[in-house]
Amino acid sequence: DLRDLRRIHPYLWEIPAGYREDMRIPCRIFASKEMLEEIVKDRSLEQLVNVSALPGMQKAAYVMPDVHEGYGFPIGGVAAAAWPDGVISPGGIGYDINCGVRLLKTELSHQELQPHLRRLGERLYMAVPSGVGKSGFIKLSKEHLDKVLEKGVPWLADMGYGGEEDIDCIESRGCLENGDPSAVSSHAKGRGIDQLGTLGAGNHFVEIDRITHIYDQETASAFGLFEGQVVIQIHTGSRGLGHQVATDHIKVLLGAMRKYGITVPDRELACAPLTSPEGKEYAGAMAAAANFAWANRQAITFFIRKTWHEVLGDQGGHLSLLYDVAHNIAKVEEHRGEDGVRRKMAVHRKGATRAFGPGHPEVTPRYRNFGQPVIIPGSMGTASYVLAGTESSMELAFGSCCHGAGRQMSRHAAKRAVRGERVRDDLHQQGIQVYSGSMAGLAEEAPMAYKDVDAVVDVVEAAGIAKKVAKLRPILVIKG
Ligand code: 5GP
Ligand code: MN
Ligand code: MN
């Protein structure tokens, strides 16, 4: 109920820790009053309260303005468990482990690209296979798949698919150290072995955008962004491999909870102590799947660069990586607790993006004075944004912000409301080319299925957890 919410300021609300007996920490909601009235209509706040009851939770459990209900945790949720006494929960990470977004910068303006757009679209659609269960162009041996799971992008770069410049612009440099191939089942490996360099279905995309507005000239220059510039967004994750890792380990954790005396308000919050054998195994498998996802976005980058060069030749210039962010992941980081003391925590971000502020040692030196680049996709018919992390985000939300506009209609409701052909034609009218193998998929992804991204980004900026750098508009979208 809205009346149970305490207003901290116009864009931050709190459910006090006393609201339900089992809460260990308060819950905080980044949203405007109008958004809140929508948010209370689904189960996301109940799910957030459930999260606050997990063992070892620190400071507060948060949701971002793009929140909607998910498996166990709400999508758009951030919660941190004390290290080493807290828990790790696959529901707080999601089935698509390390789903995330990267953005490539081009040296071309929209006008310069225009004459080549059609051919580029056709070629990109072939170069980045999309759809459920599609296989890619990279043939990995089992041994090499294990290398990807253990070493992520740096290994793939050594194989010729990228360089140090790319690695430097990826969150965690494209590799979590505890990636453990032996914790990934052979079923999961079988699903992933031929999927490197593939997009997957539905919500995943490769999108060519143009920058329509710069909000912060100094930061934009440091990021290498300018008005009129063509940029490319890649949104995908760990494909069938990550999904299988989640499925396998949720089963194990459900069985292990009793052993550790853990009770959870919702079975979808299955979890285990970070230091337990089951918790460590899941963490190792999760890290391996995260490494696979980063490698996947790197492989797609390789094929986009190749295609770009084939279509545009030398005139096309270089495609450099702005940044690559994860939005479904848990990582051990140091943050201040409610008592102001800094300590290690396992920060779960599920449909939420890391947004570290200026000066943070984990932000590459090339951007360190400005804060970490944050990439916020909107929809295939609206704006997307590049933001920068802020110092206050570190204190307000464990250095996190939103991950997109967020769904406001279920896939099912969207399909009932509009036909895919209609969505495609409407976008065409607006000068946006769409390539997709599935008309039903397009309907599920219709821009009206998503919240107002401008309003979402306004809230995160007003609340001080990120600041606007650039606004993007789509030109061409390849949808899974
Ligand atoms: P998710 O990872 O939750 O599926 O999606 C992240 C966000 O991407 C969504 O909340 C939505 O705002 C955005 N999004 C979904 N499809 C598209 C698309 O085709 N283009 C762009 N730019 N954004 C999209
Ligand atoms: Mn995903
Ligand atoms: Mn995603």
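Preceding block: the structure.
Not measured: the values here are computed from a predicted model.

The expected angle between donors at a tetrahedral four-coordinate metal is 109.5 degrees. At an octahedral six-coordinate metal it is 90 or 180 degrees. Protein coordination at the manganese ion (ligand 3): the donors are C99 (SG), H235 (NE2) and H327 (NE2), at 2.1 to 2.4 Å from the metal. Read from N- to C-terminus, the donor residues coordinating the manganese ion (ligand 3) fall into the pattern C-x135-H-x91-H. Separating the manganese ion (ligand 3) from the manganese ion (ligand 2) is a distance of 3.6 Å, and C99 supplies a donor atom to each of them. With a gap of 228 residues between them, C99 in the loop between β6 (87-88) and β7 (100-109) and H327 in the loop between β11 (320-326) and β12 (328-336) connect regions that are remote in the sequence. This pair shows no difference in class: C99 is buried, exactly as H327 is.

Now for the pairing of strand β1 (residues 6-9). Both β1 and strand β2 (residues 12-15) contribute to a ladder of three bridges, which runs antiparallel. Its bridge partner being in β2, H9 is matched across the sheet by L12. Hairpin connection, β1 to β2: the antiparallel pair is bridged by two residues.

Near ligand 1 you find 19 residues, and of these N203, E207, G378, H403 and A405 are the closest. Contact distances for ligand 1 include 3.1 Å between an oxygen atom and a side-chain N or O atom of H327. Residue A405 places a main-chain N or O atom 2.8 Å away from an oxygen atom belonging to ligand 1. Burial of ligand 1 by the protein amounts to 94% of the accessible area it has alone, namely 510 Å².

Membership of the largest hydrophobic core comes to 88 residues, with the highest contact counts inside it found for I208 and I304. Considering every element that reaches this core, the biggest residue donor is helix α10 (residues 277-312), with 18 residues. Non-local contacts of I208, meaning those with residues more than four positions away in its chain, are made with L113, L117, L120, L124, V230, V231, I232, R473, P474, I475 and L476. In terms of nonpolar packing, the next biggest core, distinct from the first, is built from 63 residues, Y62, C271, V347 and A405 among them.

Strand order in the open sheet formed by seven strands is β1-β2-β3-β4-β5-β13-β12, and the pairing between neighbours is mixed. Edge strands, defined here as strands with exactly one partner in the open sheet, are β1 and β12. Neighbour to neighbour, the strand axes of the sheet diverge by 25° on average, direction disregarded. Looking at chain direction, strand β4 (residues 61-68) and strand β5 (residues 75-82) are connected through three bridges and run antiparallel. Paired with H68 across the bridge in β5 is I75. Sitting on the sheet, helix α2 (residues 44-51) touches β2, β3 (27-30), β4 and β5, and the angle it makes with β4 is about 160°.

Before going further, it helps to examine the coordination of the manganese ion (ligand 2). Around the manganese ion (ligand 2), the donor atoms from the protein are D96 (OD), C99 (SG) and H204 (NE2), and they sit 2.1 to 2.3 Å away. All donors to the manganese ion (ligand 2) come from one chain, and their sequence spacing reads D-x2-C-x104-H. Accessibility expressed as a relative area gives 4% for C99, which makes it buried.

What counts, and where the lines are drawn
Residues numbered from 1 in each chain as written. Chains lettered and ligands numbered in written order. Predicted model: local features only at pLDDT ≥ 70, side-chain atom pairs only at ≥ 80, totals over all residues. Heavy atoms only, no water. Donors = N, O, S within 2.8 Å, 3.2 Å for Na, K, Ca; no water. Helix = DSSP H or I, 4+ residues; strand = E, 2+ residues; numbered from the N terminus. Buried < 20%, exposed > 50% of the residue type's maximum accessible area, 1.4 Å probe, protein only. Pairing = 2+ DSSP bridges. Near = heavy atom within 4 Å. Polar contact = N/O pair within 3.5 Å; in protein donor to acceptor, adjacent residues only side chain to side chain. Areas by Shrake-Rupley, 256 points an atom, 1.4 Å probe, with all protein chains shown as cover. Core = buried A, V, L, I, M, F, W, Y, C linked by side-chain atoms within 4.5 Å. Contact = heavy atoms within 4.5 Å. Axes fitted to C-alpha atoms, helices over the stretch in contact; angles between N-to-C directions.

Geometric descriptors of this kind do not, in isolation, establish any biological role.
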